[in-house]
Amino acid sequence: MTAAVDSDVKSNETKLVNNVWYKSVRMTVNVLTHVLIFLTVFICILFACNSATVGLYELHIILCVLGYQFFMCQGTLIMSQYNSWSMYITRRYKKHLHWSMQVLAAVLVTVGTAFIIQQKSVHFNTIHGKLGLAALVCCLASLLNGILAMYPRKLSTCISVFWIRFFHYITGVVSMFLATGSLCAAFEYRSFKVWTGNGDVFVPTIVSFTWLFTVLVTLDFWILTGNKIRSLSK
Ligand code: HEM
């Protein structure tokens, strides 16, 4: 019975994936995601490079934003079959690029966080800092899960391959959302607001863009989860 339901769900998914309109929408959404990522990362780097000297605080911004909002997002998008720049790369090379980018992201965000810790005497006493710390913990957990997910067959005797992969996905997705929360809290800082001209539009716009591209980067995860829930509830 479950096998029949599973094959039903799979055949519906295949029909949808082969639909030209669906493909066009997914590719357009992918391009939009890249535009939003580039815009947000560019603005943050511009803000950090605006001061006369680039010290630990500025490096904190550059490394954390490049790590989470650029490399982690690109490393996730690469696994999607609708990602523009990796569409014609074979699955094997996509996997290599995926883990290399995630390792690079983890190194950047760890160093970026260590730099700001050096600058402060009291630690993790703000919403921004707390969310940033939680994002780092999840990012490192996702990296460890990623190593397990690379060899799922060896572990499949104690836990199913699906759940090994799912745990890797969920820690990665949670890390991305926590990093977005931390970044959006930083956008509310006075220094950033003053730099953007203290207007009522800029900060809410960049906050919405950041949340929007985080949801879009993780779109495949939500679709996969939705399909799994549907097949379990039938
Ligand atoms: C995703 C990007 C970012 C992450 C994950 C992140 C993470 C963190 C963490 C974990 C701390 C706490 C360090 C401690 O308490 O010892 C911190 C502090 C700080 N960050 Fe960030 N940061 C990011 C981006 C930014 C940006 C863009 C700005 C500037 C607009 C910024 C400004 C600050 C400031 C001023 C502090 C010291 C005050 C505080 O703890 O809130 N950060 N950050």
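Everything below is about the structure shown above.
Since we're looking at a predicted model, the values are computed, not measured.

> Looking at this structure, I do not really get the packing of aromatic side chains. What am I missing?
When we look at a pair of aromatic rings, we describe it by the centre distance and by the angle of the planes. Tallied over the full model, the rule gives 13 aromatic pairs. Measuring from centroid to centroid gives 4.9 Å for Phe221 and Trp222, while their planes differ by 75°, and the two rings are edge-to-face. When its relative accessible area of 8% is taken as the criterion, Phe221 is described as buried. Every member of this aromatic cluster is reached through a ring pair, and the members are Trp163, Phe166, Phe177, Trp211, Phe221 and Trp222. Above the ring of Tyr93, the side-chain terminus of Arg92 is found at 5.6 Å from the ring centroid.

> So what exactly am I meant to see when it comes to a nonpolar patch on the surface here?
Together, Trp99, Val103, Val107, Val111, Leu144, Ile147, Met150 and Tyr151 make up a nonpolar patch on the protein surface, roughly 740 Å² of accessible area in all. Put simply, the parts of the chain that give the nonpolar patch at least two residues each are helix 4 (91–119) and helix 5 (127–150). A total of four residues in the nonpolar patch trace back to one element, the largest contributor, which is helix 4.

> Looking at this model, I keep getting lost on the coordination of the iron atom of the ligand. Mind explaining?
Geometrically, a metal with four donors at the corners of a regular tetrahedron has ideal angles of 109.5 degrees, and one with six donors at the corners of a regular octahedron has ideal angles of 90 or 180 degrees. The iron atom of the ligand binds to the protein through His60 (NE2) and His128 (NE2); the donor distances cover 2.0 Å. One can describe the site at the iron atom of the ligand as octahedral: its six donor atoms subtend angles covering 86 to 178° at the metal. One end of the pair, His60, is in helix 3 (residues 56–77); the other, His128, is in helix 5, with 68 residues separating them in the sequence. Take His128: its relative accessible area is 19%, and that puts it in the buried class.

> When you look at the side chain of Arg26 in this model, what are you seeing that I'm missing?
One can find Arg26 in helix 2 (residues 20–48). Assessed through its relative accessible area of 9%, Arg26 is described here as buried. There is a polar contact of 2.6 Å between the side chain of Arg26 and the side chain of Asp220. Not counting the four nearest positions on each side in its chain, Arg26 is found in contact with Ser80, Tyr82, Leu219, Asp220 and Ile223.

> I would appreciate a short explanation of the layout of surface pockets in the present structure.
The method is simple in principle: a probe with the dimensions of a water molecule rolls over the atoms, and the space it marks as empty is what remains. Computed from the structure, the second largest pocket encloses a volume of approximately 550 Å³. Every residue lining the second largest pocket is counted, 29 residues in all, and those nearest its centre are His60, Ile116, His128, Ser182 and Ala186. At the level of secondary structure, the elements contributing two or more residues to the lining of the second largest pocket comprise helix 2, helix 3, helix 4, helix 5, helix 7 (161–187) and helix 8 (190–195). Broken down by element, the lining of the second largest pocket gets its largest block of residues, seven residues, from helix 3.

> Please explain the site of the ligand as it appears in this structure.
The full set close to the ligand counts 23 residues, and His60, Lys120, His123, His128 and Tyr189 are the nearest of them. Contact distances for the ligand include 2.8 Å between a nitrogen atom and a side-chain N or O atom of His60. Residue His128 places a side-chain N or O atom 2.7 Å away from a nitrogen atom belonging to the ligand. Here the ligand is seated within the second largest pocket. At the level of elements, helix 3, helix 4, helix 5 and helix 7 are the ones that each hand at least two residues to the shell around the ligand. Ranked by the residues each element gives to the shell around the ligand, the list is headed by helix 3, at six residues. The residue inventory of the shell around the ligand, partitioned by class, reads 13 nonpolar, nine polar and one charged.

> Just to check I follow, could you spell out the side chain of Thr171 for this structure?
Considering the arrangement of structural elements, one finds Thr171 in helix 7. You can call Thr171 buried: its relative accessible area is 11%. For Thr171, the side chain forms a polar contact with the main-chain oxygen of His168, separated by 3.0 Å. Among residues more than four places away in sequence, those in contact with Thr171 are Cys138, Ala141, Ser142 and Asn145.

About the criteria used
- Residues numbered from 1 in each chain as written.
- Predicted model: local features only at pLDDT ≥ 70, side-chain atom pairs only at ≥ 80, totals over all residues.
- Heavy atoms only, no water.
- Phe/Tyr/Trp six-rings, centres within 6.5 Å; stacked < 30°, edge-to-face > 60°.
- Buried < 20%, exposed > 50% of the residue type's maximum accessible area, 1.4 Å probe, protein only.
- Lys NZ or Arg CZ within 6 Å of the ring centre and 35° of its normal.
- Patch = residues over 30% accessible without salt bridge, like charges linked within 9 Å, V, L, I, M, F, W, Y side chains within 5 Å.
- Areas by Shrake-Rupley, 256 points an atom, 1.4 Å probe, with all protein chains shown as cover.
- Salt bridge = Lys/Arg side-chain N within 4 Å of Asp/Glu carboxyl O.
- Helix = DSSP H or I, 4+ residues; strand = E, 2+ residues; numbered from the N terminus.
- Donors = N, O, S within 2.8 Å, 3.2 Å for Na, K, Ca; no water.
- Tetrahedral: all angles 85-135°; square planar, octahedral: opposite > 155°, others 65-115°.
- Polar contact = N/O pair within 3.5 Å; in protein donor to acceptor, adjacent residues only side chain to side chain.
- Contact = heavy atoms within 4.5 Å.
- 1 Å grid on protein atoms, 1.4 Å probe; cavity = no way out; pocket = protein on both sides within 12 Å on 5 of 7 lines; lining within 4 Å.
- Points joined across faces, edges and corners; volume = space filled by probe spheres on them.
- Near = heavy atom within 4 Å.
- Sits in = over half its atoms within 2 Å of the grid points.
- Nonpolar A, V, L, I, M, F, W, Y, C, P; charged D, E, K, R; others polar.

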